[in-house]
Structures are given as C-alpha cells and as structure tokens.
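Structure assessment
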Amino acid sequence: EGVVTLPSGLRYKVITMGEGDKPAATDKVNVDYEGRLIDGTVFDSSYKRGEPVDMRANQVIPGWKEVLTKMPVGSKWEVSIPADLAYGAEARGQIIKPFSTLVFTIELISIK
C-alpha cells in the first residue's frame, strides 16, 4: 500500500513528503541514505557514518537520478531500484552481485 511504480520499473514509497524545491539533474544535493539488498543486507549507509553526503543528481546510478529529481527537499522515501537502473550486469564489491535490485532509504536534506 502506498507504493508508486514509475514506467521505468522504479518503485518508491513516501515516508515523509517534503515541501521544498525539487532538484534538477545538474543540481548538487545533500542526502542521507541507506542502501540494502532485497534480503536486507546493508551495503552502504551515510547514517552509520554519521554524516550526509553531497552529490550531483546526475552523477549517480540512473535510479537515483530519476527519484532525486522527483523528491521535494525535506522528503524521505524508500526506493526499490531494479537492476537495469542500478549496476545491471556488473558486480560492485563482494556484496552487490550482478543483476541486483537495490533498496534505498533516501532523505533529501537540501539543494546546494
């Protein structure tokens, strides 16, 4: 319930809907996030590191770019990114296997 499926196959559920601006793909954003495999294994977390991350919305995997440009500042969403919008046939380190669906909690803190 409450899950939105986009034409690309990306799915998201709004945890908190912000009221700020939405970033353009070329904007630099500040985010907190946690990335998991579909079995719940955490592979990356800015929350665990204790500090949000700055990045350009167009310099991340395609699924992130798509969802970041739809999120108003102040939003926190859970996002399921299919393999073709993540790393596809490539593995990333020991944890992310080829053709992995990735699940992220993404909190858009600000546009820089």
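Summary of the structure given here. Remember, predicted model here, so these are calculated numbers, not experimental data.

Estimated volume of the largest pocket: approximately 190 Å³. Of the residues contributing to the lining of the largest pocket, the split by class is nine nonpolar, no polar and one charged.

Even without being a glycine, Phe-99 presents a positive backbone phi close to 65°. By the secondary structure assignment, Phe-99 is in the loop between strand E6 (76-81) and strand E7 (102-111).

Formed by 25 residues in total, the largest nonpolar core has its most connected members in Val-31, Trp-64, Leu-68, Ile-81 and Ile-106. Residue assignment for this core shows that the elements contributing at least two residues are strand E3 (28-37), helix H2 (62-68), E6 and E7. Setting aside anything within four residues of it in sequence, one finds Val-31 in contact with Ser-46, Pro-52, Val-53, Met-55, Trp-64, Leu-68, Ile-106, Glu-107, Leu-108 and Ile-109.

The next thing to look at is the environment of Pro-23. Mapped onto the elements of the fold, Pro-23 is located in the loop between strand E2 (11-16) and E3. When its relative accessible area of 4% is taken as the criterion, Pro-23 is described as buried. Separated by 20 residues in the primary sequence, Pro-23 and Val-3 place their C-alpha atoms 22 Å from one another.

What follows concerns the pairing of E3. The buried count for E3 comes to nine of 10 residues, which makes it a mostly enclosed element. Where E3 meets strand E5 (residues 53-56), four bridges bridge the pair, whose relative direction is antiparallel. Looking at the pairing, Asn-30 lines up with Asp-54 of E5. Bridge count between E3 and E7: nine bridges; the pairing is antiparallel.

Here Val-73 is to be found in the loop between H2 and E6. When the C-alpha positions of Val-73 and Val-53 are compared, they lie 14 Å apart, and in sequence the two are 20 residues distant. The contacts of Val-73, once residues within four sequence positions are left out, are Gly-18, Glu-19, Gly-20, Asp-21, Leu-108, Ile-109, Ser-110 and Ile-111.

Conventions and cut-offs
Residues numbered from 1 in each chain as written. Predicted model: local features only at pLDDT ≥ 70, side-chain atom pairs only at ≥ 80, totals over all residues. Heavy atoms only, no water. 1 Å grid on protein atoms, 1.4 Å probe; cavity = no way out; pocket = protein on both sides within 12 Å on 5 of 7 lines; lining within 4 Å. Points joined across faces, edges and corners; volume = space filled by probe spheres on them. Nonpolar A, V, L, I, M, F, W, Y, C, P; charged D, E, K, R; others polar. Helix = DSSP H or I, 4+ residues; strand = E, 2+ residues; numbered from the N terminus. Core = buried A, V, L, I, M, F, W, Y, C linked by side-chain atoms within 4.5 Å. Buried < 20%, exposed > 50% of the residue type's maximum accessible area, 1.4 Å probe, protein only. Contact = heavy atoms within 4.5 Å. Pairing = 2+ DSSP bridges.

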